[in-house]
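Working through the structure, step by step
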Amino acid sequence: MKIRYDLKPAAQRRTAPFTPQGPLSFGQLRTDHMFLMDYADGGWRDPRIVPYGPFSLDPGAVVLHYSQEIFEGAKAFKHADGEIQAFRIDKNAERLNRSAPGVCMPTIPVEDQVQAILALLDVDRLWFPEQDGASLYIRPFMIGTQDSLGVKPSTRYLFCVFLSPSGPYYPKGFTEPIKLLISRRFHRAAPGGTGAIKTGGNYAASLRAGVAAHELGASQVLFLDTTDTWIEEAGAMNHFHVTRGGRLVIPTFTDTILRSVTSESVLALGAAALGVEAVQERIPLAAFLEGLKSGEIAEAGGFGTAAVVSPVGAYVFEDKSEVKVGAGGIGPHTRQVYDVVTGIQRGTRPAPAGWMFKVPRIA
Ligand code: PLP
Ligand code: COI
């Protein structure tokens with residue numbers, strides 16, 4: 001793919017490394033540029049890097065009415081040698097291509113998505129936030145742009161990638177366990193629906209559940225399946241728990257759970273690296289709650305790109321009752337998994353072959 005560069009004039013671009021004043025939040029800042037590519041007449045055209053900014057869209061664009069949208073989330077890190085390295089962006093590109101048919105959108109070759117992300121990171125590498133625990137968050141997404149009110153797939157699409165210099169998703173980062181609301185009132189995804197793909201509609205549908213969670217002092221909802229029998233996942237991360245016997249258990253991926261790149265990475269690392277055996281099982285809510293009460297389940301948390309490894313200290317219910325996880329703090333296994341995952345991402349531990357993508361110096 002030949003990318004066209006239409007960059008900001010040098011005088012308007014960042015010329016020194018970005019040193020944030022004060023703690024960075026998640027997802028608020030942008031860098032100087034974005035990647036764009038259009039789809040029409042059955043093919044992708046005009047891949048380009050342009051100044052970040054608003055783009056125009058017909059008010060009748062399909063995405064604005066029927067939410068034909070898919071997105072990804074990945075991160076890039078700066079290693080001790082000063083090079084920027086993106087974590088497993090091929091896996092995000094593969095997932096975008098699994099999401100696309102779920103809402104009748106076209107795919108993009110994985111190598112083109114990877115090239116687009118690396119080229120953009122190269123152009124805006126000085127935007128890497130020089131702050132402990134911060135990263136460059138990468139947001140690729142695709143929208144249906146045809147001006148048409150019929151409920152049918154758009155004939156035209158826009159693919160965009162932009163970057164956000166970010167701190168932790170939860171304001172307290174890894175230092176303070178979060179609370180999750182276990183809800184029987186709200187469900188995120190139904191069998192045969194779009195729960196396993198990363199489409200904006202899933203997140204719109206989860207917003208009121210998130211508001212209800214906040215009202216009860218929880219950060220997110222731990223969603224159950226539609227029969228309220230099985231534990232599924234949270235609004236923006238997969239779920240895990242660790243048993244007293246040292247097994248880390250992630251709910252088996254179904255068509256109502258997103259296949260998290262972070263979870264898949266933990267599963268791939270294995271017991272030698274993690275100090276626990278990571279497995280997937282279907283987890284009945286009743287057994288989970290019993291395990292929490294008996295102490296058989298000693299630790300729990302969430303996995304995600306934005307969330308990284310987020311310890312859960314307690315679960316709250318709609319009647320405001322609460323169940324603690326262990327003593328409510330951060331357990332040793334959760335800490336080790338966090339250290340291993342972030343160590344690989346930040347280059348202080350060796351990464352399995354092919355996990356890190358070094359940003360080439362091209363622009
Ligand atoms: N589940 C949902 C619903 C998510 O939004 C995310 C975030 O991307 C995840 C799980 C975690 O996936 P990943 O580790 O690929 O970021
Ligand atoms: C991510 O972790 O990258 C996500 O997409 C989660 C979220 C911010 C919606």
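Everything that follows concerns the structure shown earlier in this document.
In what follows, the accompanying structure is described. Just so we're clear, the structure is a prediction, and the values are computed from it rather than from any experiment. (Residues numbered from 1 in each chain as written. Chains lettered and ligands numbered in written order. Predicted model: local features only at pLDDT ≥ 70, side-chain atom pairs only at ≥ 80, totals over all residues. Heavy atoms only, no water.)

**Points about the side chain of Ser 154**
Applied cut-off: Secondary structure elements follow DSSP: runs of H or I of four or more residues count as helices, runs of E of two or more count as strands, with numbering from the N terminus. The classification of residues rests on relative accessible area computed with a 1.4 Å probe and restricted to protein chains. Under 20% of the type maximum is buried, over 50% is exposed, and intermediate values are partly exposed. Any pair of N or O atoms that falls within 3.5 Å is considered a polar contact. Within protein, one atom must be able to donate a hydrogen and the other to accept it, and sequence-neighbouring residues count only if both atoms are side-chain atoms.
You can see Ser 154 is positioned in the loop between β7 (135–144) and β8 (157–166). Residue Ser 154 is classed as buried on the basis of its relative accessible area, which comes to 5%. Within the structure, Ser 154 has its side chain in polar contact with the backbone nitrogen of Thr 145 (distance 3.4 Å).

**A few points about the environment of Ser 154**
Heads up, the rule is: Here a residue-residue contact requires only that any non-hydrogen atoms of the pair lie within 4.5 Å.
Residues Ser 154 and Gly 354, spaced 200 residues apart in sequence, show a C-alpha to C-alpha distance of 35 Å. Sequence-distant contacts of Ser 154, that is, excluding residues within four places in its chain, are made with Val 62, Gln 68, Gly 144, Thr 145 and Gln 146. Of note is the side chain of Ser 154, whose polar atom sits 2.5 Å from the backbone oxygen of Arg 156.

**Some remarks on the site of ligand 1**
In plain terms, the rule: Nearness of a residue to a molecule or strand requires only that one of the residue's heavy atoms be within 4 Å of it. Residue exposure ignores everything except the shown protein chains as possible cover, and the areas themselves are Shrake-Rupley values with a 1.4 Å probe. The nonpolar class holds Ala, Val, Leu, Ile, Met, Phe, Trp, Tyr, Cys and Pro. Asp, Glu, Lys and Arg form the charged class, and all remaining residues, Gly among them, are polar.
Surveying the vicinity of ligand 1 reveals 17 residues, the closest of which are Tyr 203, Glu 233, Ser 260, Thr 262 and Thr 305. Separating a nitrogen atom of ligand 1 from a side-chain N or O atom of Glu 233 is a distance of 2.5 Å. Thr 262 places a side-chain nitrogen or oxygen 2.6 Å from an oxygen atom of ligand 1. If ligand 1 stood free it would expose 380 Å²; the protein chains cover 96% of that surface. Going through the elements one at a time, β11 (231–234), α5 (261–274) and β15 (297–304) are the ones with two or more residues in the shell around ligand 1. Its residues assigned to classes, the shell around ligand 1 shows seven nonpolar, six polar and four charged.

**Looking at the packing of aromatic side chains**
Given two aromatic rings, one states the distance between the centres and the angle between the planes to describe the pair. Inclusion rule: By convention, a stacked pair of Phe, Tyr or Trp rings (six-membered ring in the case of Trp) has centres within 6.5 Å and planes under 30 degrees apart, an edge-to-face pair has planes over 60 apart, and any other such pair is tilted.
Taken as a whole and judged by the stated rule, the model has 15 aromatic pairs. Relative to Tyr 157, the ring of Tyr 39 has its centre 5.7 Å away and its plane inclined at 65°; by these criteria the two rings are edge-to-face. Of the two residues, Tyr 39 is situated in strand β2 (residues 33–40) and Tyr 157 in strand β8; the sequence distance between them amounts to 118 residues. Of the two residues, Tyr 39 and Tyr 157, neither departs from the other in class, the shared state being buried. Pairing Phe 240 with Phe 303 gives two aromatic rings, centres 4.3 Å apart and planes at 15°, and the pair type is stacked. Pair noted here: Phe 240 is in strand β12 (residues 238–243) and Phe 303 is in strand β15, with a separation of 63 residues, a long-range link. Across the pair, exposure class does not vary: Phe 240 and Phe 303 are buried alike.

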